[in-house]
Amino acid sequence: MDIRTVDAGSLICPEVRNTVGESPVWENTTKCWWWIDQKGKIFRLDSASGEVRHWSLAEKTGCMVLRPDNRLVCCCETGIFDVALGDGAEASMSRIAAITHPEAGMRFNDGRCDRQGRLWVSTFVMDTTLGDAAGEWFRFTGKDGLTRSGFGDFVIPNGSAFSPDGRRFYCADSHRDVRMLWVFDYDIDAGSLSNKRPFADLRDVVGRPDGAAVDTDGCYWVCGIDEACIMRFTPEGVMDRKILIPMQKPTMCSFGGADQRTMLVTSLCRGEADLETDPYAGRLLMFQPGSQGIAEPRLADA
């Protein structure tokens, strides 16, 4: 296995320390990186000027995607929202899909658009100490709204990503007692999942699988939270590369830049206890991983 190290010199935006950084995405028209803090903030980094801006949301949010016109869509506690950003510090939210969770204390978590522009998003019980497998995957489209996939029994459903041809859907369960990667067959015409099966078992490694991305070779990159690493798996489910990074708890990785060869990594910081052992907790990392990613699909309007 190829093991590489990225040092602290690749950390960016020293003024930003997220509580739970997530959902980084590159927008090529404006040359900006976007990401969220799940406690309820949206961030934007202008790659040319280095300027960082942020806006507050009225709810905790799990993930964010872009529409074709660069409008933002956030999946939060009570539903999915179109988000408008103004000159002030508060974002305006307009609900486009509501959800009634089966249990209290739930929200949306991880999400990704397929190659056709359908949004796939998961839910979970926020108190993860309960080990409650009430989480499941949903599909959202402008035409059909929010629909259940039929695949639940996840404690912390995470790591969503589609293969380059769009015919495989990858995901993870991040809970300490699960630590599994899964792969589904994906019907690109019907927009449906089938044939769930194990992709990789991570119960024998330290890192819990969190957010993920796919490269042009069809390899699956996933953050190893608690292990300060990013792991790459071949389409056969073999870990062939591990990148050691400064932050102990990376949460999501994403390819971007004009050539899709730059990787941005978010992380989490739960407070002083994390900082005692991880001075880079909640920071962002940017580096060249040696592979090329695929531009993130936008959420289709219809």
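Definitions and cut-offs
- Residues numbered from 1 in each chain as written.
- Predicted model: local features only at pLDDT ≥ 70, side-chain atom pairs only at ≥ 80, totals over all residues.
- Heavy atoms only, no water.
- 1 Å grid on protein atoms, 1.4 Å probe; cavity = no way out; pocket = protein on both sides within 12 Å on 5 of 7 lines; lining within 4 Å.
- Points joined across faces, edges and corners; volume = space filled by probe spheres on them.
- Helix = DSSP H or I, 4+ residues; strand = E, 2+ residues; numbered from the N terminus.
- Nonpolar A, V, L, I, M, F, W, Y, C, P; charged D, E, K, R; others polar.
- Buried < 20%, exposed > 50% of the residue type's maximum accessible area, 1.4 Å probe, protein only.
- Contact = heavy atoms within 4.5 Å.
- Pairing = 2+ DSSP bridges.
- Axes fitted to C-alpha atoms, helices over the stretch in contact; angles between N-to-C directions.
- Phe/Tyr/Trp six-rings, centres within 6.5 Å; stacked < 30°, edge-to-face > 60°.

Trainee: For this particular structure, what's the right way to read empty space enclosed by the protein?
Mentor: Regions of empty space are outlined by a rolling probe, equal in size to a water molecule, passed over the atoms. Taken as a whole and assessed by the stated rule, the structure comprises two cavities of 30 Å³ or more. Contributing to the lining of the largest cavity are 13 residues, with Val25, Met64, Val65, Arg112 and Glu296 lying nearest its centre. Only strand S3 (21-27), strand S7 (61-66) and strand S11 (106-113) provide two or more residues apiece to the lining of the largest cavity. Taken as a whole, the second largest cavity encloses approximately 90 Å³ of empty space. Surrounding the second largest cavity, Arg112, Cys113, Arg115, Ala161, Phe162, Ala213, Val214, Phe255, Ile294, Glu296 and Pro297 form its lining. Elements supplying a minimum of two residues to the lining of the second largest cavity: S11, strand S15 (157-162) and strand S19 (208-214). Split by residue class, the lining of the second largest cavity holds eight nonpolar, no polar and three charged.

Trainee: Even after reading the chapter, I still don't get the environment of Ile96, so can you show me in this structure?
Mentor: With respect to the element layout, Ile96 can be found in strand S10 (residues 92-98). Look at Ile96 and you get partly exposed, because its relative accessible area is 31%. Once residues within four sequence positions are removed from consideration, Ile96 is found in contact with Arg67, Val73, Ile80, Phe81, Asp82 and Phe140.

Trainee: Just to check I follow, could you spell out the sheet that holds strand S9 (residues 79-84) for this structure?
Mentor: Each strand in a sheet pairs with its neighbour through backbone hydrogen bonds, running either in the same direction (parallel) or in the opposite one (antiparallel). With antiparallel pairing, the four strands of this open sheet are ordered in space as S7-S8-S9-S10. For this open sheet the edge positions go to S7 and S10, each flanked by a neighbour on one side alone. Shown here is a sheet whose adjacent strand axes are inclined to one another by a mean of 30°, direction ignored. For S9 and S10, the ladder comprises six bridges, and the chain directions are antiparallel. When the sheet's bridge partners are listed, Gly79 is paired in S10 with Ala98.

Trainee: How do you make sense of the pairing of strand S24 (residues 262-267) when you look at a structure like this?
Mentor: Looking along a regular strand, one sees side chains alternate from face to face of the sheet. Across the six residues of S24, six count as buried, placing the element largely inside the fold. Along S24, one buried face is formed by Thr262, Leu264 and Thr266 and the opposite face, lined by Met263, Val265 and Ser267, is buried too. Strand direction decides the pairing type here: strand S23 (residues 250-256) and S24, joined by six bridges, are antiparallel. In the sheet register, Cys253 faces S24, and the bridge partner there is Val265. A loop of five residues connects S23 with S24, the two strands running antiparallel in sequence, and Gly257 in this loop sits at a positive phi of about 80°. Where S24 and strand S25 (residues 284-287) come together, three bridges link them in antiparallel fashion. Paired with Val265 across the strands is Leu285, a residue of S25.

Trainee: Honestly, the packing of aromatic side chains in this entry has me stumped. Any pointers?
Mentor: Each aromatic ring pair is specified by the distance between its two centres and by the angle formed by the two planes. As enumerated under the stated definition, the model contains 17 aromatic pairs in all. Members of the aromatic cluster, connected to one another through ring pairs, are Trp120, Trp137, Phe151, Phe154, Phe162, Phe169, Phe184 and Tyr186.

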